[in-house]
Amino acid sequence: MSAVDHDSDDPKTPLLPINDPVEPSSSSPFSLQSLVTLQAFYFILGPILCAIICLFVKFDGPVTSRNMLAVLAWVFSWWLTEAVPMPITSIAPLFLFPLFGISSADTVAHSYMDDVITLVLGSFILVLAVERYNIHRRLALNITSRFCGEPVNPPLLLLGICATTFFVSMWMHNVACAVMMMPVATGILQRLPAGPAQSTHVHNFCRAVILGVTYAAPIGGISTLTGTGVNLILVAMYKGSSPDAESIGYNTWFFFGFPLAVLIFFSLWAILCLLYLRRGSSQALAPYLDKAHLRRELDLLGPMSFAEKMVLTVFGMMVALWMTRSITEDIPGWGALFHGRAGDGTVSVLMATLLFVIPNKKQKGEALMDWNECKKLPWNIILLLGAGFAIADGVQSSGLADVLSGTLDFLEAVPYLAIAPAVGLISAVITEFITSNDATATLLLPLLIQMAKTMHVHPLLLMVPGAVGSQFAFMLPTATPSNVVGFTTGHIDIPNMVKTGIPLKIAGIVILSILMPTLGAFVFGTNPGVQLKA
């Protein structure tokens, strides 16, 4: 047998050639200098901060509170610097909490399979089905063609594009919505001239569309519990801190979140129109964009297929079941049949499972969804939510919440009507410097829960402004992943985001400050008469 015949099935044949000369490696020899990189520094920064806190920080509370702060420094430094992939950082509590005596591995693991996690998991599977059958594209073209106007009306067209994004984001995670809707927006802008031939009016319209889609996604997510992870974190933490209180249902949040989101959305539209859509925009866009273009693209999609209709049916059933699980105190809803054991996550997973059962007429023997599609699920976001719940539980159980709540004692002297703007402002500022809105909420909400007990006020009076304020990440591209989606299109830059984000953030805080003590007091029962025992 030849020495080079390595494909033989003879078991005696060596797997590697033993007589062939070994060629020298072309790679450079290992050196200590190869380890001295910025990424390596970021990697060791977390353990270094953890060690410094353990050695030099002393609290009056239990040792576990200091250890929890050290773990937070480790985890958040890795999140901020992206020293390791975000999913790896998100599972760090699984080994750090037992290592530092904060909680057992079993206790931490439960946080990664909460009812809220299953709700998100099922929702994302439905998002994959929507993407697979181009339902989002059909929806966008239908709505946008109705708003285009003839001749083209730029403010109305911008409203249509942003309203579509807002609506889609109500039913799915805002990052997934931004990823889905951005190609639709850029597809419309591709009809416009680019480069030196692009006029100022056209250039500003492109900026307005991309900024509108980028910001309408997180704003729309405020409307419903499933629109963003922050809302889910809020519900889970409130349930954990007040187990005897009535949990926040899908309807309860919608009655507050939807009016809030609509007012902020129209503020966004007004800001974009004032900044970017000047007189003459209609004449500049008319030669390139009209209803005929949109209708032609819609005709290319053809009539709705059986698969599209079934996905929309399942989607509608899921939303209907969410809305009717718990209606009012007098009308308990279908959830009462299961004695409260079936949550929104149960509905989400059940509806998602149907997609793997309902047959696809065009492809005999196959269902609407294939299990291989689950590879596309954003496991990084799911693990991040699990990490958020684990950290929230750790902050409470370790005693760190009691220690850190003293740092915000100044809020105890704030008048009742000023609590919402104060908390919302603090949260809105912090969220610009933490890439994940979920991480911002995870950091702040446990502290706000403890503060509410100290102040003898309803915890939602602080938690809701803190959670909603953490979603006002409108200024920097790194503030939230949906901002990155818009920034990478090349149509906008940081000055555009800051110029639009500052007035939008202010408008959001003002609207939140007005609705929280009025509509919020009615929906959540957060009036001054509702108090908790410390």
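This text follows the structure it describes.
Residues numbered from 1 in each chain as written. Predicted model: local features only at pLDDT ≥ 70, side-chain atom pairs only at ≥ 80, totals over all residues. Heavy atoms only, no water.

*Asks:* Please give an account of the side chain of threonine 214 that cites residues and values.
*Replies:* With respect to the helices and strands, the residue threonine 214 is situated in helix α10 (residues 200–221). A polar contact of 2.7 Å, which involves the side chain of threonine 214, links it to the backbone oxygen of isoleucine 210. (Helix = DSSP H or I, 4+ residues; strand = E, 2+ residues; numbered from the N terminus. Polar contact = N/O pair within 3.5 Å; in protein donor to acceptor, adjacent residues only side chain to side chain.)

*Asks:* So what's going on with helix α20 (residues 437–455)? Which residues, and what values?
*Replies:* Between its first and last C-alpha atoms α20 spans 26 Å; for 19 residues at 1.5 Å apiece the expected length is 27 Å, and the two agree. Leucine 444 marks the point of greatest bend in α20, at about 25°, and the proline proline 446 comes within the next four residues. By the criterion of burial, α20 is predominantly enclosed, with 16 of the 19 residues buried. In the segment just after α20, histidine 456 is the residue with positive phi, at about 60°. (Expected span 1.5 Å × (residues − 1). Bend = angle between axes of the 7 residues up to and from the residue. Buried < 20%, exposed > 50% of the residue type's maximum accessible area, 1.4 Å probe, protein only.)

*Asks:* Describe the pattern of salt bridges, with residues and values.
*Replies:* Going through the model one piece at a time under the given rule, you end up with two salt bridges. The shortest N-O distance in the salt bridge between arginine 138 and glutamate 308 comes to 2.9 Å. Of this pair, arginine 138 sits in helix α7 (residues 135–147) while glutamate 308 sits in helix α15 (residues 306–324), and the two are 170 residues apart along the sequence. Judged by its relative accessible area of 10%, arginine 138 is buried. Across the salt bridge formed by lysine 376 and glutamate 373, the nearest N and O atoms sit 3.3 Å from each other. You can call lysine 376 exposed: its relative accessible area is 58%. (Salt bridge = Lys/Arg side-chain N within 4 Å of Asp/Glu carboxyl O.)

*Asks:* Describe the nonpolar core, with residues and values.
*Replies:* Of all hydrophobic cores here, the largest spans 134 residues; its most connected members are Ile219, Leu260, Leu355, Leu445, Leu462, Val464 and Phe472. Here the element with the most residues in this core is helix α12 (residues 250–276); it accounts for 13 residues. Among residues more than four places away in sequence, those in contact with leucine 260 are Ile222, Val468, Ile511, Leu512 and Leu515. Of all hydrophobic cores here, the second largest spans 30 residues; its members include Cys54, Ala70, Val71 and Val75. (Core = buried A, V, L, I, M, F, W, Y, C linked by side-chain atoms within 4.5 Å. Contact = heavy atoms within 4.5 Å.)

*Asks:* So what's going on with a nonpolar patch on the surface? Which residues, and what values?
*Replies:* Taken together, the side chains of Leu38, Phe41, Phe43, Ile44, Ile48, Leu49, Ile52, Leu55 and Phe56 define a hydrophobic patch exposed on the protein surface, amounting to about 870 Å² of accessible area. Assignment of secondary structure puts phenylalanine 56 in helix α1 (residues 38–56). Judged by its relative accessible area of 65%, phenylalanine 56 is exposed. (Patch = residues over 30% accessible without salt bridge, like charges linked within 9 Å, V, L, I, M, F, W, Y side chains within 5 Å. Areas by Shrake-Rupley, 256 points an atom, 1.4 Å probe, with all protein chains shown as cover.)

*Asks:* Before we move on, could you go through the packing of aromatic side chains and cite the residues and values that matter?
*Replies:* Taken as a whole and judged by the stated rule, the model has 13 aromatic pairs. Pairing phenylalanine 265 with phenylalanine 266 gives two aromatic rings, centres 5.5 Å apart and planes at 70°, and the pair type is edge-to-face. For phenylalanine 266, a relative accessible area of 43% corresponds to the partly exposed category. Ring geometry for phenylalanine 266 and tryptophan 269: centres 6.5 Å apart, planes at 80°, overall edge-to-face. On the criterion of helical spacing, the pair formed by phenylalanine 266 and tryptophan 269 is a turn pair, its members being three residues apart in helix α12. What makes tryptophan 269 partly exposed here is its relative accessible area of 24%. Counting every residue linked through ring pairs, the aromatic cluster contains Phe166, Phe265, Phe266 and Trp269. (Phe/Tyr/Trp six-rings, centres within 6.5 Å; stacked < 30°, edge-to-face > 60°.)

Function cannot be inferred from these measures alone, as they are strictly geometric.
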